[in-house]
Amino acid sequence: MGLLRAAGVVYKPVEQLDLGPDSNEIYVEADIKAPRMGGLLAKIFAWILESRIFGALAFYILKRLNRVHKFISNATVEEPPMFVPLHPYVDLDEQEVIEIDSDASPAERVQQAMNCLPLTSENSLDAFKFSCFRRWTIADYSRAYRNGEITPLKVAERFIYAVHESSSRPLSIAFFINYDAEDILRQATESTLRYERGAPISALDGVPIAVKDEIDCSPYPTTGGTKWLHKVRPCTGDACCVARLRSCGAILVGKTNMHELGATPSGINPHYGPPRNPYDPSRISGGSSSGSAAVVCAGLCPAALGVDGGGSVRMPASLSGVVGFKPTFGRIPHSGVLPLNWTVGMVGVLAGTLEDAFIVYAAISGHLPSHEPTTLPPKIHFPLLNSTNPISNIKLAIYGEWFNDCNEEIRLRCSNAVQLLCERYNWKTVEVTIPELEVMRLAHYVTIGSECSTALSSHLENLGRSEFGWDARVVVDIYGAFNSNEYIKAQKLRYRHMQIHNKIFAKADVIVTPTTGMTAYSISKNALKTGELDYVNGGTIIRYQIAGNFLGLPAITVPVGYDKAGLPIGLQFIGKPWSEPTLMHLAFAMQALCITDYRKPKVFYDILGKK
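I will try to describe carefully the structure that is included in this document. Just so it is clear, the model here is predicted, and its values are computed rather than measured.

Digging into helix α1 (residues 39-49)
All buried positions along α1 are accounted for by G39, A42, F45, A46 and L49. Buried residues along α1 cover an arc of 120 degrees about the axis, so they all sit on one side. Turning to α1, the residues buried within the fold contact β1 (37-38), α2 (55-65) and α17 (470-479).

Looking at empty space enclosed by the protein
Empty space left among the atoms is revealed by rolling a probe the size of a water molecule over them. Within this structure, the stated rule accounts for five cavities of 30 Å³ or more. Empty space within the largest cavity amounts to approximately 720 Å³. Residue lining of the largest cavity: 44 residues in total, with A263, R441, Y445, Y479 and Y535 positioned closest to the centre. When contributions to the lining of the largest cavity are tallied by element, the ones reaching two or more residues are α2, β8 (303-308), α16 (437-463), α17 and α19 (535-541).

A few points about the sheet that holds strand β5 (residues 251-256)
The mixed open sheet is built from eleven strands, whose spatial order is β3-β5-β4-β8-β10-β9-β16-β17-β14-β12-β13. Every other strand in the sheet has two partners, leaving β3 (176-178) and β13 (428-431) as the edge strands with one partner each. Ignoring which end each strand starts from, the neighbouring axes of this sheet average 35 degrees apart. The pairing of strand β4 (residues 208-212) with β8 spans three bridges and is parallel.

Here we look at the environment of V9
Counting through the fold element by element, V9 comes out in the segment before β1. Along the chain, V9 and K70 lie 61 residues apart, while their C-alpha atoms are 5.9 Å from each other. Discounting residues that sit within four places of it in the chain, V9 has contacts with K70, F71, A75 and T76.

Digging into the packing of aromatic side chains
Summed over the entire model, instances satisfying the criterion amount to 16 aromatic pairs. With 5.3 Å between their ring centres and 40 degrees between their planes, W402 and Y544 make a pair best called tilted. Taken together, the residues span a long stretch of sequence, with W402 in helix α14 (residues 400-403) and Y544 in the loop between α19 and α20 (546-550) at a distance of 142 residues. Using a relative accessible area of 5% as the deciding quantity, one classes W402 as buried. Y544 gets classed as buried once you look at its relative accessible area, which sits at 1%. Where Y445 meets F482, the ring centres are 5.8 Å apart and the plane angle is 90 degrees; that geometry is what we call edge-to-face. Linking Y445 in helix α16 with F482 in the loop between α17 and α18 (484-505), this pair joins segments that are 37 residues apart in sequence. One aromatic cluster is present, formed by Y141, Y145 and Y195 through successive ring pairs. Taking the ring centre of Y425 as reference, the NZ or CZ of R424 above it sits at 4.8 Å.

Some details on the side chain of S320
Relative to the elements of secondary structure, S320 occurs in the loop between α12 (314-319) and β9 (323-326). Excluding residues within four positions of it along the chain, S320 makes contact with R135, N277, Y279, S285, A293, C297 and P568.

How each quantity is defined
Residues numbered from 1 in each chain as written. Predicted model: local features only at pLDDT ≥ 70, side-chain atom pairs only at ≥ 80, totals over all residues. Heavy atoms only, no water. Buried < 20%, exposed > 50% of the residue type's maximum accessible area, 1.4 Å probe, protein only. Helix = DSSP H or I, 4+ residues; strand = E, 2+ residues; numbered from the N terminus. Arc of directions from axis to C-beta. Contact = heavy atoms within 4.5 Å. 1 Å grid on protein atoms, 1.4 Å probe; cavity = no way out; pocket = protein on both sides within 12 Å on 5 of 7 lines; lining within 4 Å. Points joined across faces, edges and corners; volume = space filled by probe spheres on them. Pairing = 2+ DSSP bridges. Axes fitted to C-alpha atoms, helices over the stretch in contact; angles between N-to-C directions. Phe/Tyr/Trp six-rings, centres within 6.5 Å; stacked < 30°, edge-to-face > 60°. Lys NZ or Arg CZ within 6 Å of the ring centre and 35° of its normal.

See the structure below:
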């Protein structure tokens, strides 16, 4: 292919880049060259890619058309590679925070998080539930248990009935890959006895929490959305994050559905069914933590765990109208999570409210196991959300061309939300330019693809590709086409973009964007048995996600409204490393301004039984 070699970009030094609002750096839109494929077309494309005669040519054409050769393979990048986005801990001197003892137990951290929340009286709750829709929170569960209004066992029985009912609806929601009624009732019985003795472990005691099927959680196998991975990698116990939740008394209610191997943002799984969007069951809930988003949206759980390797917590959270939170790389232990993407994936939280995301984060954060890569152990600070002094002088960085690269309804809703925040709290927006965003997306794709391909390589040798759904099969074929030169170039670009973002964060506290470029799209019938490859819509959904994963930055999405079809829209805040408290303050402020507009999903289960 040497005669057809595409010219590569020569990147100029970062210090020569103008990141101001009047920069001459051009915003490069995503120009994805790949048709939507499902059904027979997906099968034909897989056969082409796996053909000895046509496969190499097809990969070459795909890379060239989608500018991988131009921006990565043949590019000249002077920066050194950054293989793992580990950030040295810096005390950011954040406003209205409290430092938490690093040796505190998960239950103690949950209590400290509860102490940081504003008090809500029973009377205000009764008035609130008639004025607008709201999901029941962890605090609501805890209060109802303590007051004897309901027991964890009764909640568990209602949960099991609701999951069964959701599977027999005209359109099965497919929330879970696996749940065990007997195990759920056992946990609930133990929790009920603790409340009867007046000795609950924490506010999470008896609260149903779901776990993405990418995270180990006994007694379930960990499938990663496949039909085979649990056979070659048996689950031997709880992941560290799950063990911490269990130690707080939470009821682990099962393994939520996900896109096979987290392969695309749609969440459609041909093996276990599509986790449908509770706001419109004909549409996707988003991937790959699709089931976790759906169970929270539908009221089955106040919170769930996900894994975010390319927006896989924040995208489904936004499309399903809930909060999605991804901490800084290295903040949450990753042991017991499928090793599909070592340097971009991290555990995150999906929750109905910011408060619930905070409580679950408090339980699962803390020191990493000794075998996990880390710099000096970062300090843990919690946001004082009950403070009477709102944080001040916040600067929100906005790159206008990027912010506006979404559909009109999202642009207007997110712009109005930012304006509302600034007017209410006297915060300021800072116009910036963030160059080479499309380059960063491609570098991230090379990285996550190479790491996933390497993680699966030994299994592929033994199993072949026949066990895969057709969409995941194509994705794994493409992942395997990246070479060491492209992987190293991508890591050089990772270092480069970290320097660019550091310069942005010297100007502002956070970067604000829409969470996705479009709202949830319809599920096609021909995708149900084969899955689907929709890189154009996928690229639009993932547009604002990459920095959080490629650079290991913390990020959070919060619902800010709906489009004309009643589909949720999310706003995202991307923060400096270790700035989780500031992100929570911003999301809490945004939630307070929008929560009275929340709408009830078409599919909703009142598990607590108070509505």
